[in-house]
Amino acid sequence: MSTLSSIPILDSVVSCRAWRNKAFDEKKSVGFVPTMGALHAGHLSLVRRSLAENDLTVVSIFVNPAQFAPHEDLRTYPRTLPQDLERLETQRVTVANVERTPSAVFLPAVPDMYPSGINQDVSLQKGAFVEITGYSHRMEGASRPTFFRGVATVVTKLFNIVQPTNAYFGQKDIQQALLLRRMCRDLFFAYPAADRVHIVPTERDPVDGLALSSRNVYLSADERPFAVALYRALQAAESAWIQGATKQECIAMALAVVEHSKTQAAAKGVDMKLDYIEINDSETFEILNDGEHKQSESLGKGPVILSGAVWMGKTRLIDNIVIGDHTSRV
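What you see is a predicted model, and the numbers here were worked out from it, not measured in a lab.

Enquirer: Whenever I open this one, the overall build of the protein confuses me. Can you help?
Expert: Assigned secondary structure in the protein consists of 11 helices and 11 strands. What you see for the protein is a C-alpha radius of gyration of 20 Å, in line with the 20 Å of a compact globule of 330 residues. Expressed as a percentage of its 330 residues, the buried residues of the protein come to 53%. Within the protein, residue pairs in contact and separated by at least 24 positions form 73% of the contacts whose partners lie at least 6 positions apart. A total of about 15300 Å² of accessible surface is found on the protein, and carbon and sulfur atoms cover 52% of it. Distance from the positive charge centre (35 side chains) to the negative charge centre (37 side chains) of the protein: 3 Å.

Okay, structure coming up:
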């Protein structure tokens, strides 16, 4: 155990398991917030939710090589551990007149998490990996085909080490959270059980609504004003959906917003490219057919996910809006 901050730091699997066994002995609930660091207000909202709902809260910080393809930004991904620890030290929630603060930070090393080694090239990887077949290739998985394999693998490891009572994920990464909930159900996880994988609403910039993300720091001053175009496009599609437009019409509304922003961005010398905007079923992640709008409502099929991704220069941004009954399945 390290003491880089006032919060105990668990820097190995052995120390984390010892910490968790003590919590088991004391019959205390444990909330868990897995992160890759570069903490922002979105991460901290997850921490506060955990503090409010659990006796103890542990936050992990681990930049996972397995969820970065060889061409992606593993080497340059922001690493801000001293600032992360400072932010965590300020988080406090009072429950029944007792002040709760983060109980521990799990800070494992790559060899600890991947004892067989790890390569960003999937074809060269060795050891045990977790895949959620039939679901992980849709939505984000269509653009990042190895991403969810890496996520499912590292989160399985983290869940097995921390054994949390509850785990917390942000809605910005909605597909990731839903896949992990399915994984816990399909593989009969006890810690956490599938219904203890919680999805917390996206934290947004209070001025323009941009979804908070660690990758936002990559945006240049010229790119930043156009980064919110994706969210505005999704809002336009949501408004059209609520008014009874067809799925095709909703997508067209969103695309029009993106195209307008692209034109404005180009005039400022900013390169903006659309990756995708789509509407998917929240259970299967299948793309909705144009005629399924009214059918989805009349059959009570639950919410749908309106999501998209754009490139602002070299920075890829994602966002989503869940349309429908959030309490039923999302």
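Enquirer: Would you mind showing me how to read the pattern of salt bridges here?
Expert: Applying the stated criterion across every chain, the model contains 21 salt bridges. Arg-224 serves as the salt-bridge partner of Asp-208, at 2.7 Å between the closest nitrogen and oxygen. Within this pair, whereas Asp-208 is found in the loop between β8 (197-200) and α8 (229-242), its partner Arg-224 is found in the loop between β8 and α8, the two being separated by 16 residues in sequence. Residues Glu-259 and Lys-262 are paired through a salt bridge, measuring 3.6 Å at the closest nitrogen-oxygen approach. Of the two residues, Glu-259 and Lys-262 are both situated in helix α9 (residues 247-267); the distance of 3 residues between them amounts to about one turn of the helix. A single network of salt bridges, built from pairs that share partners, joins Lys-22, Glu-26 and Lys-28.

Enquirer: What am I meant to see in the domain arrangement of the protein here?
Expert: Quite often, the size of an interface is put as the accessible area lost when its parts meet. Along its sequence, the protein is carved into domain 1 (9-200) and domain 2 (214-328). Relative to domain 2, the C-alpha centre of domain 1 lies at a distance of 26 Å. In this complex, domain 1 contributes 24 residues to the contact, which on the side of domain 2 involves 20 residues. Summed over both partners, the interface of domain 1 with domain 2 comes to about 1800 Å²; 50% of that surface belongs to carbon and sulfur atoms. One can count 4 salt bridges joining domain 1 with domain 2. Where Glu-286 meets Arg-138, a salt bridge forms, and the shortest distance between an N and an O atom there is 4.0 Å. Ranked by residue count, the leading element in the side of domain 1 that touches domain 2 is helix α7 (residues 174-186), at 6 residues.

Enquirer: Help me out: how do you make sense of the sheet that holds strand β10 (residues 304-312) in this one?
Expert: Across a sheet, strands are paired by hydrogen bonds formed along the backbone, either parallel or antiparallel in direction. Within the open sheet, the 3 strands sit side by side as β9-β10-β11. Their pairing is antiparallel. Unpaired on one side and paired on the other, β9 (272-281) and β11 (315-323) mark the two borders of the sheet. The sheet shows a mean angle of 15° between the axes of neighbouring strands, direction not considered. Of the strand pairs in this sheet, β9 and β10 are connected by 9 bridges, and their pairing is antiparallel. Bridge assignment links Tyr-276 to a residue of β10, and that residue is Ala-309. In the packing of α8 onto the sheet, contacts are made with β9, β10 and β11, and the angle to β11 comes to roughly 20°.

Enquirer: So what exactly am I meant to see when it comes to the sheet that holds strand β2 (residues 30-35) here?
Expert: The strand order across the open sheet built from 6 strands is β1-β6-β3-β2-β7-β8, with neighbouring strands paired in parallel fashion. The sheet is open, and its two borders are formed by β1 (9-10) and β8, each paired with just one other strand. By the bridge criterion, 2 bridges tie β2 to strand β7 (residues 166-170) in an arrangement that is parallel. Within β7, the residue paired with Gly-31 across the bridge is Asn-166. Across the sheet, helix α3 (residues 81-89) is in contact with β1, β3 (56-61) and β6 (104-106); its angle to β3 comes to roughly 165°. Along the sheet, α7 makes contact with β7 and β8, crossing β8 at roughly 165°.

Enquirer: Please clarify how the nonpolar core should be interpreted in this entry.
Expert: Most often, soluble globular proteins keep nonpolar side chains buried together rather than apart. If you look at the biggest cluster of nonpolar residues, it comprises 44 residues, and the most contacted ones within it are Val-58, Phe-106, Val-155, Phe-159, Phe-169 and Met-183. Breaking this core down by element, the ones donating at least two residues are α1 (13-25), β2, β3, β6, α6 (147-162), β7, α7 and β8. Tallying contributions element by element places α6 first for this core, with 10 residues. Counting the residues that make up this core, at least three belong to each of domain 1 (9-200) and domain 2 (214-328). Those residues within four positions of Val-58 in sequence are excluded, and the remaining contacts are Trp-19, Val-30, Gly-31, Phe-32, Val-33, Ala-104, Phe-106 and Val-162. Membership of the second largest hydrophobic core comes to 31 residues, among which are Leu-230, Tyr-231, Ala-233 and Val-304.

Reading guide: rules and limits
Residues numbered from 1 in each chain as written. Predicted model: local features only at pLDDT ≥ 70, side-chain atom pairs only at ≥ 80, totals over all residues. Heavy atoms only, no water. Helix = DSSP H or I, 4+ residues; strand = E, 2+ residues; numbered from the N terminus. Rg over C-alpha atoms; globule rule 2.2 N^0.38 Å. Buried < 20%, exposed > 50% of the residue type's maximum accessible area, 1.4 Å probe, protein only. Contact = heavy atoms within 4.5 Å. Areas by Shrake-Rupley, 256 points an atom, 1.4 Å probe, with all protein chains shown as cover. Lys, Arg positive; Asp, Glu negative; His and termini not counted. Charge placed at Lys NZ, Arg CZ, Asp CG, Glu CD. Salt bridge = Lys/Arg side-chain N within 4 Å of Asp/Glu carboxyl O. Domains from an automatic or database assignment. Buried area = accessible area lost by both parts, 1.4 Å probe. Pairing = 2+ DSSP bridges. Axes fitted to C-alpha atoms, helices over the stretch in contact; angles between N-to-C directions. Core = buried A, V, L, I, M, F, W, Y, C linked by side-chain atoms within 4.5 Å.

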